[in-house]
Amino acid sequence: MLGLTTGVIGVVTGLLGALFIVRPNLAPSTGNLVEIAQVAVEPNVTLDQYLNHPTVERVVGERDLKEFRRAKREFLDRVGGVVHFDFRVNGVRNIDLAQRWSVFDADSGKRLGESEDLDPLPLTFTAEKKDDDLGSWEFWVDTTTASAARVFVRIELFDRITGSRLVFKDTEVFSS
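Since this is a predicted model, take the numbers as computed values, not measurements. (Residues numbered from 1 in each chain as written. Predicted model: local features only at pLDDT ≥ 70, side-chain atom pairs only at ≥ 80, totals over all residues. Heavy atoms only, no water.)

**Student:** I would appreciate a short explanation of the sheet that holds strand S1 (residues 33-46) in the present structure.
**Tutor:** Sheet strands line up and pair through hydrogen bonds in the backbone, either parallel or antiparallel. Taking strand neighbours across the sheet as the criterion, the three strands line up as S1-S2-S6 in an open arrangement whose pairing is antiparallel. Of all the strands in the sheet, just S1 and strand S6 (133-142) have a single pairing partner and so form its edges. Sheet twist, expressed as the average angle between the axes of neighbouring strands with direction ignored, equals 20°. In terms of strand pairing, strand S2 (residues 79-90) meets S6 through ten bridges, oriented antiparallel. Bridge pairing links His84 to Glu138 in S6. (Pairing = 2+ DSSP bridges. Helix = DSSP H or I, 4+ residues; strand = E, 2+ residues; numbered from the N terminus. Axes fitted to C-alpha atoms, helices over the stretch in contact; angles between N-to-C directions.)

**Student:** What's the story with unusual backbone geometry in this structure? I'm lost.
**Tutor:** Among all residues except glycine, the phi angle is most often negative; among peptide bonds, the trans geometry is most common. Although it is not a glycine, Gln38 adopts a positive phi angle of roughly 50°. One can find Gln38 in strand S1. Non-glycine residue Asn44 carries a positive phi angle of around 60°. Position of Asn44 relative to the elements: it lies in strand S1. By relative accessible area, Asn44 is classed as exposed at 58%. (Buried < 20%, exposed > 50% of the residue type's maximum accessible area, 1.4 Å probe, protein only.)

**Student:** Would you take a moment to explain the pairing of S2 for this structure?
**Tutor:** Strand direction decides the pairing type here: S1 and S2, joined by ten bridges, are antiparallel. When the bridges of S2 are listed, Ala37 appears paired with Asp86.

**Student:** Honestly, the pairing of strand S8 (residues 165-170) in this entry has me stumped. Any pointers?
**Tutor:** Sheet topology note: the strand S7 (residues 150-159)/S8 ladder contains five bridges and is antiparallel. Counted as the bridge partner of Ile155 is Lys169 from S8.

**Student:** What exactly am I supposed to notice about the pattern of salt bridges here?
**Tutor:** Oppositely charged side chains can pair when the atoms bearing their charge come close. Evaluated as defined, the whole model comprises twelve salt bridges. A salt bridge links Asp107 to Arg150; its shortest N-O distance comes to 3.1 Å. Taken together, the residues Asp107 in the loop between strand S3 (96-105) and strand S4 (111-114) and Arg150 in strand S7 connect sequence positions 43 residues apart. With a relative accessible area of 39%, Arg150 lands in the partly exposed category. Between Arg154 and Asp170 there is a salt bridge, with the nearest N and O atoms lying 2.7 Å from each other. Placement of the pair is Arg154 in strand S7 and Asp170 in strand S8, with a sequence separation of 16 residues. The partly exposed category is assigned to Asp170, whose relative accessible area is 31%. The network of salt bridges with common partners includes Arg100, Arg111, Glu114, Glu116, Glu156 and Arg165. (Salt bridge = Lys/Arg side-chain N within 4 Å of Asp/Glu carboxyl O.)

Below, the structure is given as structure tokens:
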């Protein structure tokens, strides 16, 4: 009787293993995670003030920042908001993460603009560690062209190579 039970268990285990090979989406999740947390908005910041922030200077580089300021001189006095956020990446490695964002009218929900059109300094970053990578990021949003008094920003992180969106999160509502 014990031999029959062991044989049945072996057959069932083999069939389930074959099923997971044929239908890989039925297999247990690998635990990959990309999340955005701790979102904060700093309103009423000029582009020039944002460019003076040590994080931006460190990432962009002093020489490149001087060239950027020279090329975008007419935009330096524009007022916007700086969106700060923390991110956590788990179970992935060497994925070129890029961020994009959209500005929305907080009252109507209408989309007012996209980072591809409004971001003067788009930056990307790479998840360096396989098991758990934590970081913090920020970007400046030009709100001078927003046609609404109150806005929110939807932050998206995506795989720059495949274009797949991995996660999104909305900021609090703030005055433009």
